[in-house]
Each structure stands twice: as structure tokens, then as C-alpha cells.
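Structure at a glance
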Amino acid sequence: MSVIEVTGLTKKFGSLVAVDHLDFEVWRGEVFGLLGPNGAGKTTTIRMLACLISPSEGSARVNGQDIVEEPLKVRETVGILTENPCLYERLTAYENLDFFAEAYGVTDPLEKRERIRELFDFFGLWERRNEKVASFSRGMKQKLAIARALVHRPPILFLDEPTAGLDPESSKEIRDLIERLSRKEKCTILLCTHRLEDAEKLANRVMIINKGRNIATGSPEQLSERITGQPVVEVKLVKLNRKVLNAVKNLSQALKVESFKDKILITVENPKSATPEIVKGIVYAGGEILTVKTLRPSLEEAYLKLVKGESS
Amino acid sequence: MRLKKVMLVFRKDWLEISRNWQVILPIVILPFIFSVLLPILVSMVPGSTGTSPENLEEITRNLPSQVKNKLVGMTNQQIMFYITTLYLFAPFFIIIPIMAPSAIASDSFAGEKERRTIEALLATPISDTEMFLGKTLVSFIPTMTVTIASFITYSAIVNLYSTTMFKWKPLLPNLTWLTMIFLLSPTVALASIGLTVMVSAKVKGVREAQQISAVLLIPIIILVIIQASGAVFIGPSMITALTGIFAAIDFLVIYLGVKMFRREEILSKLA
Ligand SMILES: Nc1ncnc2c1ncn2[C@@H]1O[C@H](COP(=O)(O)OP(=O)(O)OP(=O)(O)O)[C@@H](O)[C@H]1O
Ligand SMILES: [Mg+2]
């Protein structure tokens, strides 16, 4: 079931078309990645879906509510991590969450306190709750900003570049947190990023956009396959001989077989079912296996090809 | 409109402002000058405010008769003190509610834009009206607080001089001043704040907001001073009438402010 339905969504800033007739759907519970280079229109798309700016054309429904007709209701049901952390630096971490909790309608004092405590615990910030946000590091601010987005238990979460400006370690920490979060809070996440790593590790489906237009949509695997073809299983042996090679060539799942020195490269449809069959076949033919690897064209290659192809 | 949400915006902003000296200082300085330094200046140099006895006669001649009656039997120095403290300085106390909120009101939206916090605020389900009114209120309450505080201070100083130097009964508060401080100043403050918050929502930075609202407010200040200087001589009825006019202006400014406040435009124009 789709919780976000976007049809012909367009935003123009003067003569610049920042978002150009986007159509997509996000299903309940999935992490949907919006991937694109700087200026692709990711932030603009999220801002329109969160009712922060109005679309020039087209429309969208978020959790069943139209973004143009019912902006207040949409704002109530979504949590948003904005591009800038947008935290009040003169207030403490606790005061920040307290304000946003009430702004989002969490007014029962007990419920509010418990939710804030839970979020501080989840993000490991409880000890720092009474410090002014101005004294926080970039990573801590980012965590607090994500906590703020979650304060009212939104069924839909928009994350705009959650790892931007963070060092690799903090980025990984944030990624892990988002992964745990999507399981724990069971919310639908629309994640926008220009980092492939984020999209590859977190997203169930990815839409690549450039200059406001949709270039490709699919799971990270589908997208990479679409560009560089099918996955390849690489088997390294102690010694490769004709008998083993023939045995592999005769396997039903082997679409194409190549060999280099003591390595065999087998193109397959589905590595999950093909790999055991290949291993069995080789062992049966008397081959001694050192390593087995599935080689996939990375999303990165796919992405670069798609974005470059679009620009030229 | 939900009053709770208005108060929420008010509380959050007040917490921020109370920790920001750049915004607090301007709201305190002007009232301090008017309420403490002015009366002390007048009392310390009696009769030497540059007004010679001939000028004094000129001034008193044009006064309404009920004021003139009160001056009977006073020395020149007493007349000077009586007229400056009770009548001539009164308009300054109308400048306080116009000028004092300028820093806070300019900061209301433009400050959040500058500090890049506005986007998260706009993303909340607080309605446009609630947000606008909350931001207006956070300028209004401190402004009225300092206006009333300055009035109390000013009255105390004036009374101290009049009771000790001239052995008069306390001069302030009188009905004219009470209507001016408690009726006219709130309506004047609201008009000024509404206008400044409106400007603050439209421009990019605090400085710009301050400059534009200053330009808009100067003619109003001049007009108000002229009106108020006349009105204090005529008395409470005239001040109440002026209050009525300003209440109508407030209604218009707040109505337009709320109507013209479009949150979807704020981020579109940020870049
Ligand atoms: N308020 C605005 N006024 C004018 N142009 C804008 C505005 N906001 C965005 N743009 C333009 O729209 C285009 C898309 O911007 P957007 O911020 O959506 O890109 P993005 O994909 O989020 O990029 P980044 O990875 O840099 O965050 C850019 O060319 C940008 O300059
Ligand atoms: Mg962006």
C-alpha cells in the first residue's frame, strides 16, 4: 500500500525548473531513497511533500492527505530532518525537544517526558540534555535533529541528507541508527542523499533524479543490473582443469562461463540459487575451491553512468 | 486558532530572547533614558532648560483654560517643572511602545531565517495565524512591561521632586497618564509590532527588517507625537478617542499581517 503518491510534481523558481514532473510512490514501511547530485531537486521535493513550499504544478498525497488541500494535516503526520539541523542554539537539547513535542501535539506532560527520555536514550544524548545546543558537535546536532523529527511518532519520516557534513565514523553511526529506527519505529522513510553508500545500505528502493527529472527507479540491485548486466559468481580454485570447467559449463544456471588462470567467472541470473549448484558441481568434478564471491556491478557505477548519460 | 499554540511559540521565543543580550538591551535602554534621565535632568537644572520667562508666557498663553487654572500662584520654576513633567514629556512615553519592540519584532522571523531555524518551525503543524500571533505577543509583553515599569519609575522620580522641592501632593499618576499608559500605549505598541513582524516575515535578515520597519514607523511616530502632545493637554477623553483610532489600526494591521503571512513563500524566497 502506498503512503506517498506523487503525480506530476513540479517546482519552478522563476525560469529554473527545480523539480520536473516527478511521479513516484512510496510503500508503507519501506525506506525509499531519493538519490541525485547537488542541485538535483531532492530538497525541493521533500519541502513540497512536507508542505514547506507549494508546488507549481502537480500534486501529491501523503498518508492519504493532499499536500495542497490539507497542509496542516500532512505536517502533523510527517517528521522531517531538514537540510540544516534547524535547532535553537540558545536552548538546551531538552528545551528543543520539549518545544517541538508540544508543537506536534504531544501535550500530555507524562507522555511527553517519556517520549523525550526514550529518544535521548536511543540517540545516546541523555547525559547532555541540559546543555545548550550551541555546544554540540555536528554529529550530536544531527542526532538531536533526527530525534526532533521523531518526537510525535510520525508514521512517515523525511530525512534530507542525514549524513551530510559528518565524518565517516559518525556517518556510519547515523546510518546504523536509521536502520534500527526503521525497524523499531516501523515508519516509512523517504531518504534523500547524494551518497550512494547511504542509499545502498538503507534503501529498499531508490529513485535517481537529476535536474529535477526521474532517471531511474528500482531496488539498488535492479538499478545496478540494469546498467552493467547480470551478476557474476567468481570461483577461485587451487588448480583449474578441463574437467571442472566442463562441469561448470554444463550447469543449467550458468549463462556464460569465462576462465582466467585458476579463476572461473560464471554469469548467472540469481546468485542465491546458482552459487550452491556451482559449488556442488565443482566439488563433484574434483575441483578444490579456495574462495567464492558474487561480483555485482555497484550502484555507484550504475549511478555515475546514469547521471553522466543524462548530462551529455 | 488555538491559544495554546500561540502561547507555545511565545514561550519558546521568550526563552531564546531572554538569553540574547543583543535583543534585550535595546528594549531596556530607551525606556531607561526616558524614565530616569529625563526627569533628573529637568529637576537638576531648574529653570535653565533654555526657556526664558517670555517663552514660558508664550507657552502658557496657548494652554487650555483648565490647565491654566492649575498654574495660578506658581513660580516660574514650578510652572516649568509642572508643564514639562506632566505635559511636554508625555509624548516620549508613546515613543517607548513604538521603538522598544523594534529589536525583538525585527528578529521574530528574520532572526530565525538568519540562524537557519525557520524551516523546522514552518514544518510544524502550528498554523500561520498562531505563529504570527505568538511572534507578535513575544514582542508585545516585554514592551508593555517596560512601558509600565518606566511609567512607575518616572512617576516616582517626579513625585520625589515635587513633594520635596515644592511640598506638593504627588503629581502622578493622574487620569491622563493612566489612560495614556494603559489604553493608548498598548494599542500603539500593537500597531508598531504588527507592522514590524510583517516586515520581518517578508525580508531575509534582521538588519533589513529593522531598516524597513524604521522607515515605515517614522511617519507614524511623528504623527503620534503631534497627536499625543495635543491630546495630553485636552485630557483623558481625547486620549481615549486616540486609543479608539489605534485600536482600529491594530485590527487592520493584525488582519493584514495574518492574511499576508504565507509560510510557503518564506522558504521559496530564502535563497
Ligand atoms: N528558494 C529557491 N529559490 C531559487 N532557486 C532555488 C531555491 N531553492 C532551490 N533552488 C534551486 O533549485 C535547484 C534544486 O535545488 P535543491 O536544493 O532541491 O537541490 P538538492 O538536490 O537538494 O541539492 P543538494 O544536494 O545540493 O542539497 C537548484 O538549482 C537550486 O539552486
Ligand atoms: Mg538538498
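Predicted model, so just to flag it, every value in this text is computed and none were measured.

What counts and what doesn't
Residues numbered from 1 in each chain as written. Chains lettered and ligands numbered in written order. Predicted model: local features only at pLDDT ≥ 70, side-chain atom pairs only at ≥ 80, totals over all residues. Heavy atoms only, no water. Near = heavy atom within 4 Å. Polar contact = N/O pair within 3.5 Å; in protein donor to acceptor, adjacent residues only side chain to side chain. Areas by Shrake-Rupley, 256 points an atom, 1.4 Å probe, with all protein chains shown as cover. Helix = DSSP H or I, 4+ residues; strand = E, 2+ residues; numbered from the N terminus. Nonpolar A, V, L, I, M, F, W, Y, C, P; charged D, E, K, R; others polar. Pairing = 2+ DSSP bridges. Axes fitted to C-alpha atoms, helices over the stretch in contact; angles between N-to-C directions. Contact = heavy atoms within 4.5 Å. Buried < 20%, exposed > 50% of the residue type's maximum accessible area, 1.4 Å probe, protein only. Domains from an automatic or database assignment. Buried area = accessible area lost by both parts, 1.4 Å probe. Salt bridge = Lys/Arg side-chain N within 4 Å of Asp/Glu carboxyl O.

**Some remarks on the site of ligand 1**
- Around ligand 1 sit 16 residues, and of these G39, T43, T44 and E83 of chain A together with S268 of chain B come closest.
- In this structure, ligand 1 sits where chains A and B come together, each supplying nearby residues.
- Between ligand 1 and the protein, one listed contact pairs an oxygen atom with a side-chain N or O atom of N38 of chain A at 2.9 Å.
- Summarising the interface, the protein chains cover 73% of the accessible area of ligand 1, which totals 630 Å² for the free molecule.
- At the level of elements, β2 (16-27) and α1 (42-49) of chain A together with α13 (263-268) of chain B are the ones that each hand at least two residues to the shell around ligand 1.
- The element contributing the most residues to the shell around ligand 1 is α1 of chain A, with three residues.
- Broken down by class, the residue content of the shell around ligand 1 amounts to seven nonpolar, six polar and three charged.

**Examining the sheet that holds strand β10 (residues 213-218) of chain A**
Residues and elements named next belong to chain A.
- If you trace the six strands from one edge of the open sheet to the other, you get β6-β7-β8-β3-β9-β10, paired in mixed fashion. Each edge of the open sheet is held by one strand with a lone partner, namely β6 (78-81) and β10. When strand polarity is set aside, the average angle formed by the axes of neighbouring strands in this sheet is 15°.
- Strands in contact with α1 are β3 (31-35), β6, β7 (156-160), β8 (188-193) and β9 (205-210); relative to β8, the strand with the most contacts, it is inclined by about 150°.

**Points about the side chain of S150 of chain B**
Residue and element names in this part refer to chain B.
- Position of S150 relative to the elements: it lies in helix α9 (residues 128-165).
- Owing to a relative accessible area of 2%, S150 belongs among the buried residues under this scheme.
- The contacts of S150, once residues within four sequence positions are left out, are P31, S35, F93 and I96.

**Structural notes on the domain arrangement of chain A**
- Examined at the domain level, chain A breaks down into domain 1 (2-225) and domain 2 (229-295).
- The centre of domain 1 of chain A, based on its C-alpha atoms, is set 43 Å off from the matching centre of domain 2 of chain A.

**Side note on the interface of chain A and chain B**
- Contacts between the two partners involve 29 residues from chain A and, on the opposite side, 26 residues from chain B.
- Both sides of the chain A and chain B interface together cover about 2,700 Å² of buried area, and 61% of this is carbon and sulfur.
- Where chain A packs against chain B, one counts four salt bridges.
- With a closest N to O distance of 3.2 Å, E102 of chain A and R11 of chain B form a salt bridge.
- Linking chain A to chain B there are ten residue pairs in polar contact (both at pLDDT 80 or more).
- Going through the elements one at a time, β1 (2-13), α2 (71-77) and α3 (93-103) of chain A are the ones with two or more residues in the side of chain A that touches chain B.
- A breakdown of the residues in the side of chain A that touches chain B according to their chemical character gives 15 nonpolar, five polar and nine charged.

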